[in-house]
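Chain residues, written in single-letter form:
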Amino acid sequence: MLGLIYPPKCPFCGRILERGEEGWCASCQEELPWTGPDDGKAVDGCDACLSPLWYGDAVREAVHRYKFEGGRIHAKLFGRLMAQCLQDRWTGRADLIAWVPLRPERRKKRGYDQAELLARRVGELTGIPVGRALEKTRATATQSQTGEDEARKSNVRGAYRALSGLDLTGKRVVLIDDVATSGATLAECASALRQAGAESVVGLTLARAR
Ligand SMILES: [Zn+2]
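Residues numbered from 1 in each chain as written. Predicted model: local features only at pLDDT ≥ 70, side-chain atom pairs only at ≥ 80, totals over all residues.

Q: Which residues make up the overall build of the chain, and what are the values?
A: Along its length, the chain carries eight helices and seven strands. Computed over the C-alpha atoms, the radius of gyration of the chain is 17 Å, within 12% of the 17 Å expected from 2.2 N^0.38 for a compact globule of 210 residues. Once the C-alpha set of the chain is aligned to its principal axes, its extents read approximately 50 × 35 × 35 Å. When contacts within the chain are restricted to residue pairs at least 6 apart in sequence, those whose partners lie at least 24 apart make up 75%. (Helix = DSSP H or I, 4+ residues; strand = E, 2+ residues; numbered from the N terminus. Rg over C-alpha atoms; globule rule 2.2 N^0.38 Å. Contact = placed C-beta atoms within 7 Å.)

Given below as structure tokens:
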């Protein structure tokens, strides 16, 4: 019934899906900037950064819509793409899925934390336990609107810490965010996780900048 009232749309281009199309449309399947199996190069602080997509125009718009409208519907599909990417490209062990958190004030205003929704979806599909591990201690400017790499680093420096008393000794953590631009946020969070004892940290995002 719901399908008749709200026909499923492609989250990337907004077109109503045709019969036989599931998740996203055939032309996006063809044209989106999908990454290849060898594109998981390491970023500062993470052993790898895995993302199914490059952060291009259609992806940027979809992520923006995801943040500010209809988060839960998009999380299902985006989380599925990310879970698939992790399963295809990461052969190492993973003990915990954590995410880059919003500040509590921001989360309350938006009604959800988009990275947490992605983390929970990836956990559901992979069977890896999901847990709150980090907190954001101060506001930061939006990374994608912050100029140089150096400015991005200082924008997030010291902005995240592991929950007090959290012991991650020997744990291999998958760290989730929606987008990696310079990788500075992932690096900052990865360092907080390592300070809590994490043995390794793998970044997993829907998209990353080239
Ligand atoms: Zn589409």
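Q: Please give an account of the nonpolar core that cites residues and values.
A: Residues M82, L118, L175, I176 and L193 are the most contacted members of the largest nonpolar core, which totals 59 residues. Counting residues per element, this core draws most heavily on helix α4 (residues 71-89), at eight residues. When residues no more than four places from it in sequence are discounted, the contact partners of I176 are I97, W99, A115, L118, A119, V122 and L204. (Core = buried A, V, L, I, M, F, W, Y, C linked by C-beta atoms within 7 Å. Buried ≥ 20, exposed ≤ 12 C-beta atoms within 10 Å, placed from the backbone.)

Q: Explain the confidence of the model for the chain residue by residue, including any values.
A: With 97% of its residues at a pLDDT of 70 or more, the chain has an overall mean of 89. Confidence, read as mean pLDDT per element, is least for helix α1 (residues 2-5) in the chain (58) and greatest for strand β3 (residues 96-99) (98). (pLDDT = per-residue confidence, 0-100.)

Q: Which residues make up the environment of P129, and what values go with them?
A: Its location among the elements puts P129 in the loop between α6 (114-126) and β4 (134-136). For P129, a count of 11 C-beta atoms within 10 Å gives the class exposed. A C-alpha to C-alpha distance of 6.1 Å links P129 and I97, two positions 32 residues apart in sequence. Apart from residues no more than four positions distant in its own chain, P129 is found in contact with L96, I97 and G123.

Q: Can you lay out the pairing of strand β6 (residues 172-180) for me, pointing to particular residues and giving the numbers?
A: Taken across its nine residues, β6 has eight buried, putting it largely inside the fold. Where β3 lies against β6, four bridges are found, and the strand directions are parallel. Across the sheet, residue W99 finds its bridge partner in β6, namely I176. Here β6 runs beside strand β7 (residues 200-208); their pairing, made up of eight bridges, is parallel. In the strand pairing of β7, D177 is matched with T205. After leaving β6, the chain enters helix α8 (residues 184-195) and then returns to the sheet as β7, a path that is right-handed. (Pairing = 2+ DSSP bridges. Right-handed = clockwise from strand over helix to strand, strands pointing away.)

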